[in-house]
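Examination of the molecular architecture
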Amino acid sequence: MGRWRDGTGTLRVVGGTDGADGGRDGGSNGAKEDPGGVEGTAGRAEGIPLTIAASYRARARGLLGRDGLTGALLLTPASGVHTFRMRFAIDVAYLDRRLTVLAVHTLRPGRLGRPRLRSRHVLEAEAGALERWGVRRGVRIVIAPTPSTPPPPSVR
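Note that this is a predicted model, so its numbers are computed, not measured. (Residues numbered from 1 in each chain as written. Predicted model: local features only at pLDDT ≥ 70, side-chain atom pairs only at ≥ 80, totals over all residues. Heavy atoms only, no water.)

On to the packing of aromatic side chains. Under the defined criterion, the tally for this structure stands at zero aromatic pairs. When the ring centre of Tyr94 is taken as origin, the NZ or CZ atom of Arg116, which lies over that ring, is 5.0 Å away. (Phe/Tyr/Trp six-rings, centres within 6.5 Å; stacked < 30°, edge-to-face > 60°. Lys NZ or Arg CZ within 6 Å of the ring centre and 35° of its normal.)

Glancing now at the side chain of Arg116. Mapped onto the elements, Arg116 comes out in the loop between strand E5 (101-107) and strand E6 (121-126). Only 2.5 Å separates the side chain of Arg116 from the side chain of His105, close enough to count as a polar contact. Each residue touching Arg116, except ones within four places of it in the same chain, is listed here: Ser79, Tyr94, Ala103 and His105. (Helix = DSSP H or I, 4+ residues; strand = E, 2+ residues; numbered from the N terminus. Polar contact = N/O pair within 3.5 Å; in protein donor to acceptor, adjacent residues only side chain to side chain. Contact = heavy atoms within 4.5 Å.)

Here we come to unusual backbone geometry. Residue Thr76 is joined to Pro77 through a cis peptide bond whose omega torsion reads -10 degrees. Inspection of the secondary structure puts Pro77 in the loop between strand E3 (72-75) and strand E4 (90-95). Although it is not a glycine, Leu99 adopts a positive phi angle of roughly 65 degrees. Looking at the secondary structure, you find Leu99 in the loop between E4 and E5.

Here Gly7 shows up in strand E1 (residues 7-16). The partly exposed category is assigned to Gly7, whose relative accessible area is 31%. Taking the C-alpha atoms as reference, Gly7 lies 8.8 Å from Pro147; in sequence the two are 140 residues apart. Look past the residues within four positions of Gly7 in its chain and what remains in contact with it is Leu50, Thr51 and Ile52. (Buried < 20%, exposed > 50% of the residue type's maximum accessible area, 1.4 Å probe, protein only.)

On to the confidence of the model for the protein. Per-residue confidence for the protein gives a mean pLDDT of 76; residues scoring 70 or more make up 72%. When the criterion is pLDDT under 50, residues 17-45 qualifies, and its contacts beyond four places in sequence or with other chains add up to 40 contacts. (pLDDT = per-residue confidence, 0-100.)

Attention now goes to the environment of Arg137. Mapped onto the fold, Arg137 is located in the loop between helix H3 (129-133) and strand E7 (139-145). As for Arg137 and Val101, which are separated by 36 residues in sequence, their C-alpha atoms are 5.0 Å apart.

This part takes up the pairing of E6. Burial analysis of E6 places five of its six residues in the buried class, the great majority of the element. Pairing analysis gives four bridges linking E3 to E6, with the strands arranged antiparallel. In the sheet register, Leu75 faces E6, and the bridge partner there is Val122. Where E4 lies against E6, six bridges are found, and the strand directions are antiparallel. In the sheet register, Ile90 faces E6, and the bridge partner there is Glu126. (Pairing = 2+ DSSP bridges.)

Right, dumping it as structure tokens:
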């Protein structure tokens, strides 16, 4: 994709290898379990709203000062996060350079998430959202940035 910029976009979960996480659900893919429901991505043609934080200033601000989040926040580049001075619990997905999920954790306010060695991006959402969307270890996600509006024409 090249260099990331601050902005907005959409997030889609495209799947991965079944059983990659070895978790409680026996390796089932959450997106397959929800064939067209409102909560999962399988039936959502529009995708999940995404805010991209690529500049130092946007990454440092993150979710601080917010009471909630609609959609998700992508921090890039990033390998770890914290929830100090945050008001709500979040789900955190660590992504590699190909946007494959390396790990997913839920962090309560006032916690420090361990940095992941191969992590290039961090995806944050309200607690429980990543599970509803089918984001789990081994799943690949696709991010489509919203095209920026062209600058107004100059007046000569």
